[in-house]
Amino acid sequence: MKKIIYSMMALAMTAFAFTSCEDVPMPYNMTFEDNGTTPNPGAAAEPKGTGTEADPFNVAAAMNYITAGENLDKEVYVAGTIVSIKEVDDGNYGNATYYISDDGKSTGQLTVYRGYALGNKHFTSKDQIKAGDKVVVYGKLVNFNGTKEFTQGNYIYSLNGEKGGSETAAELNTEATAWTVAQAIQKIKDNGGKALAGEAYVKGIISEVASYNADYKSITYYISDNGTDKALQIYSGKGKDGADFAAKEDLKAGQTVVVKGILKAYTNKAGETTMEMDKSSKIISITAGAAGEQTGSVVLSATFATTMDNFTIADVTLPEGLTFIWKLDAAKGYMKASAFKDNIKYATQSRLVSPAFSLAGKSTATLSFQHTGKHFGTVANDYKVQVSTDGTTWTDLTVSSYPDGSSWNFVDATCDLSAYAGKPTVYIAFLYTSSADAAGTWEVKNVTVK
């Protein structure tokens, strides 16, 4: 009998030991990603702040902001305490990935992905940040496959109360003094292959258009001084003034470009080194090669499939009772405007405004988009498309076709922008208007200008 009792006690103690092991906390410096999972997204603090420089979000408010999914194309400020650091690259890239929370502990962590150091400078040593540091981070927030995070390109605005210097990366030269490709490559070599400390202007001729990235709407291509050699790779670059590309065909070999971005050397696992301008570069100017003007080049592209594609919302009239008019419906892939809520029709007016784009060098231009809607008053009055050269003064455009108002079928529409061809700065906007008598719903997607 005693043997049976001892055996039962031994089993009970073993079970207790295994259960207790699960309660042992992870080492303080172990990140959740290191343990095979993402940081705990739960918010432990009361959400506070508005996301501005004067009133930053706390981490809990930033989590709610990401969940709401509105205006994620805008940069915001978030204050928090560093919980742990995954990595600091003080070499080629000069950025760091780390986690912040409101209390400096594991609950409610927000990932800061590949951010720059204080003042938007490259990290030059691994001890520039540490767990427990108080930071205010500036950048764009996203939900990346379920992980709430600052996306790449963010930086530390203040560290333990100390503010950085410049909020933009230093420029090493100017468009007028753009380096040749040969000069750019020599600068990289002189810096030991590491990323240069600021953005540089480089002028060259496109020798090959390598690939198009549909997720980032970017193109990888090569430039050289003679238009033949694959001397400098422009990796995952953006178009004119940072605009999205719509297809690989948007660039052509033979075109001369001035490109602005970070120069560095990249060595792959096979030991092969490529001289490149890192992603997030943009074209400052582009001129045609022997083939003539690139008439089909896209200068503005927005699908609204998952984000607002750098469009912004400008509410002219937003009455009490409504918190928004335009909203991204990422599940269905369009921007949607409505002023009908709780069986009340509100009198409102709001613009969905594009980022600035350039029509310089063009003789014609056309805006194309798809839209649908219902419950119209007078269609031409309720839903207008407008153009501006300063983002303040707007002119109505003639829209080729409107929805019939009886179905949710999208119709193709165009507006002629030829009167603005040659202008260096242009905006377009979708103006929604409603009243107490008619507050319809307008849905817009697949916007392009070329």
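Chains are numbered independently. Their residues run from 1 in the order of the written sequence. Local features in this predicted model are restricted to residues of pLDDT 70 or higher, and side-chain atom pairs are both shown and tallied only at a pLDDT of 80 or more, whereas totals for entire chains, interfaces and linings draw on every residue. Just so you know, side-chain values use all the structure's heavy atoms and leave hydrogens and water out.

Caption draft 1: Focus on the side chain of Ser301. Here a strand is any run of E in DSSP of at least two residues, a helix any run of H or I of at least four, and the numbering for each starts at the N terminus. In this structure, Ser301 sits in strand E18 (residues 300-302). You can call Ser301 buried: its relative accessible area is 8%. Throughout, a contact is declared for two residues whenever any of their heavy atoms are within 4.5 Å. Here Ser301 is in contact with Asp244, Ala246, Asp309, Val447 and Thr448, once residues within four sequence places are set aside. Think of it in three bands: with a 1.4 Å probe and only protein chains considered, a residue is buried below 20% of the maximum accessible area for its type, exposed above 50%, and partly exposed in between.

Caption draft 2: Region of the structure containing helix H2 (residues 59-68). Counting buried positions along H2 gives seven out of 10 residues, so the element sits mostly inside the fold. Buried residues in H2 make contact with strand E1 (57-58), strand E2 (76-88), strand E3 (96-101), strand E4 (110-118), strand E6 (141-144) and strand E7 (147-150). Count one or two residues on from H2 and you reach Gly69, which has phi positive near 75 degrees.

Caption draft 3: A look at the sheet that holds strand E19 (residues 312-317). Pairing is antiparallel across the open sheet formed by five strands, whose spatial order is E19-E24-E29-E26-E27. Because the sheet does not close on itself, it has two edges, and the strands there are E19 and strand E27 (395-396). Alignment of strand E24 (residues 348-353) against strand E29 (residues 427-434), held across six bridges, turns out to be antiparallel. When the sheet's bridge partners are listed, Thr348 is paired in E29 with Ser434. In this scheme, strands are said to pair when DSSP sees at least two bridges between them.

Caption draft 4: Layout of the pairing of strand E16 (residues 273-277). In the sheet, strand E13 (residues 232-237) pairs with E16 via two bridges, with the strands oriented parallel. Across the sheet, residue Ile234 finds its bridge partner in E16, namely Met277.

Caption draft 5: Layout of the environment of Gly227. Among the secondary structure elements, Gly227 is positioned in the loop between strand E12 (218-224) and E13. Under the relative-accessibility criterion, Gly227 is labelled partly exposed at 23%. What Gly227 contacts, discounting residues up to four positions off in sequence, is Ile205, Ile206 and Ser207.

Caption draft 6: Local environment of the environment of Asn58. Structurally, the position occupied by Asn58 is in strand E1. Using a relative accessible area of 12% as the deciding quantity, one classes Asn58 as buried. A C-alpha to C-alpha distance of 9.8 Å links Asn58 and Thr81, two positions 23 residues apart in sequence. When near neighbours in sequence (up to four residues on either side) are disregarded, Asn58 contacts Ala45, Glu46, Pro47, Lys48, Val78, Ala79 and Asp102. A polar side-chain atom of Asn58 sits 2.7 Å from the main-chain carbonyl oxygen of Glu46. Whenever a nitrogen or oxygen atom comes within 3.5 Å of another N or O atom, the pair is scored as a polar contact, on the condition that within protein one atom can donate a hydrogen and the other can accept it, and that pairs from neighbouring residues in sequence are kept only if both atoms are in side chains.

Caption draft 7: Local environment of unusual backbone geometry. The residue Lys217 is not glycine, and still its phi comes out positive at about 55 degrees. Secondary-structure assignment places Lys217 in the loop between strand E11 (200-213) and E12. One non-glycine residue with positive phi stands out, namely Asn343, at about 65 degrees. By the secondary structure assignment, Asn343 is in the loop between strand E22 (340-341) and strand E23 (344-345). Overall, Asn343 belongs to the exposed group, its relative accessible area being 69%.

Caption draft 8: Expanded view of the pairing of E4. Of all nine residues that make up E4, seven are buried, and the element is covered over most of its length. For E3 and E4, the ladder comprises four bridges, and the chain directions are antiparallel. From the neighbouring strand, Ile100 faces E4, where its bridge partner is Leu110. Strand direction decides the pairing type here: E4 and E7, joined by two bridges, are parallel.

Caption draft 9: Focus on helix H3 (residues 181-190). Among the residues of H3, those classed as buried are Val181, Ala184, Ile185 and Ile188. Looking down the long axis of H3, one finds its buried residues gathered within 95 degrees of arc, a one-sided arrangement. Across H3 from its buried face, at more than 90 degrees, point the exposed residues Lys189 and Asp190. Where H3 is buried, its residues touch strand E10 (179-180), E11, E12, E13, strand E15 (263-267) and E16. Summarising the geometry, the arc corresponds to the directions from the helix axis toward the C-beta atoms.

Caption draft 10: Fine view of the nonpolar core. Core analysis: the biggest nonpolar cluster contains 39 residues, and Phe369, Ile428, Phe430 and Val447 have the highest contact counts within it. Among the elements of the structure, E18, strand E20 (326-329), strand E21 (334-338), strand E25 (366-374), strand E26 (383-388), strand E28 (411-416), E29 and strand E30 (441-449) are those that each provide at least two residues to this core. Looking at this core, the element that brings in the most residues is E30, giving four residues. Apart from the residues lying within four places of it in its own chain, the contact partners of Phe369 are Val385, Val399, Val411, Asp412, Ala413, Cys415, Phe430, Val444, Lys445, Asn446 and Val447. As used here, the term nonpolar core means buried Ala, Val, Leu, Ile, Met, Phe, Trp, Tyr and Cys residues forming a set that is joined through side-chain atoms within 4.5 Å. Judged by nonpolar contacts, the second largest core, of 26 residues, contains Val78, Leu141, Phe150 and Leu159.

Caption draft 11: The arrangement of the packing of aromatic side chains in detail. Between rings of Phe, Tyr and Trp, where Trp is taken as its six-membered ring, a pair exists when centres lie within 6.5 Å; planes separated by under 30 degrees are stacked, by over 60 edge-to-face, and by other angles tilted. Per the counting criterion, the structure on display carries 11 aromatic pairs. Aromatic pair Trp326 and Trp442: ring centres 5.7 Å apart, planes at 50 degrees, arrangement tilted. Taken as a pair, Trp326 in strand E20 and Trp442 in strand E30 lie far apart in primary sequence, 116 residues in all. Looking at Trp326, the relative accessible area reads 1%, which means it is buried. With a centroid separation of 5.7 Å and an interplanar angle of 45 degrees, the aromatic rings of Tyr383 and Tyr432 are classed as tilted. Placement of Tyr383 in strand E26 and of Tyr432 in strand E29 is noted, with a sequence separation of 49 residues between them. Summarising the burial analysis for this pair, Tyr383 and Tyr432 share the class buried. Put simply, the rings of Trp326, Phe369, Tyr383, Phe430, Tyr432 and Trp442 pair up and form one aromatic cluster. Only Lys NZ and Arg CZ are tested; either one counts as a charge over a ring when it is within 6 Å of the ring centre and within 35 degrees of the ring normal. The lysine or arginine in question, Lys279, covers the ring of Tyr216, its NZ or CZ lying 5.9 Å from the ring centre.

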